[in-house]
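Residue-level structural notes
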Amino acid sequence: MRVITGTARGRALLAPAGRAVRPTSAMVKEAIFSMVQFEVEGARVLDLFAGSGQIGIEALSRGARECVFVDSTRESLEALRKNIASTGPWKSAKVVPSGAVEFLRGYKGQAFDIVFMDPPYESDSLAAKCLRLLAEHMSESGVVICEADDTAAMPEEIFPLRLKKGYKYGKTRVYQYRVAGEGEV
């Protein structure tokens, strides 16, 4: 696992020990960043279910203004902190040890421009719950990129978030949700 491009290009990243975390493949990561390539620079990013932090670190490497990393497992938080330290210095990286739902319910900060969400596979209801909670934390032009397994039943819309497109990469699907503009149907 490596950072693809930007200021930390080529830097190796650690994966958390154990089988609970499934690092995003290089192919899927490239596809994700091609979806938001012109929106990353200067963006406020949330990496929900951060795991190793590779997606949020990639966003910082590509010029994101800041990234909040949220994960609840000790192994992930340990790997995440090491990865941030080895690719930074990132004064704009904030690690929050919390479950995703708890974080979103208690969050009172600025809206996010881009959210990367990779909940445990086979947890469609958790993904939908997070999308509902995220709706109130998004900027007017916000985008949510959700990684799920290929059998996930993801909602078409959770106002103001609307599914724009789904992509299939092997057993992984990537869903792109965007904040619906005023008057958009």
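Read on for an overview of the structure. Small disclaimer: the values here were computed from a predicted structure and weren't measured.

Each value, and the rule that gives it
Residues numbered from 1 in each chain as written. Predicted model: local features only at pLDDT ≥ 70, side-chain atom pairs only at ≥ 80, totals over all residues. Heavy atoms only, no water. Salt bridge = Lys/Arg side-chain N within 4 Å of Asp/Glu carboxyl O. Helix = DSSP H or I, 4+ residues; strand = E, 2+ residues; numbered from the N terminus. Buried < 20%, exposed > 50% of the residue type's maximum accessible area, 1.4 Å probe, protein only. Contact = heavy atoms within 4.5 Å. Pairing = 2+ DSSP bridges. Axes fitted to C-alpha atoms, helices over the stretch in contact; angles between N-to-C directions.

**Description of the pattern of salt bridges**
Inspection of the entire model under this criterion finds nine salt bridges. Ionic pairing is found between Lys29 and Glu58, a salt bridge with its closest N-O pair at 3.6 Å. Here Lys29, found in helix α1 (residues 26-35), pairs with Glu58, found in helix α2 (residues 54-61); they are 29 residues apart in sequence, far enough to count as distant. Here the two residues Lys29 and Glu58 agree in accessibility, since each one is buried.

**What about the environment of Ser139?**
Of note, Ser139 is situated in strand β5 (residues 138-149). Separated by 25 residues in sequence, Ser139 and Ile114 have C-alpha atoms that sit 8.5 Å apart. Ignoring anything within four residues of it in the chain, the contact list for Ser139 reads Ala111, Phe112, Asp113 and Val179.

**Thoughts on the sheet that holds strand β3 (residues 93-97)**
Within the open sheet, the eight strands sit side by side as β3-β2-β1-β4-β5-β8-β7-β6. Their pairing is mixed. Edge strands, defined here as strands with exactly one partner in the open sheet, are β3 and β6 (157-158). Packing against the sheet, α1 makes contact with β4 (112-117), β5, β7 (161-169) and β8 (172-179), and its axis sits at approximately 15 degrees to β8.

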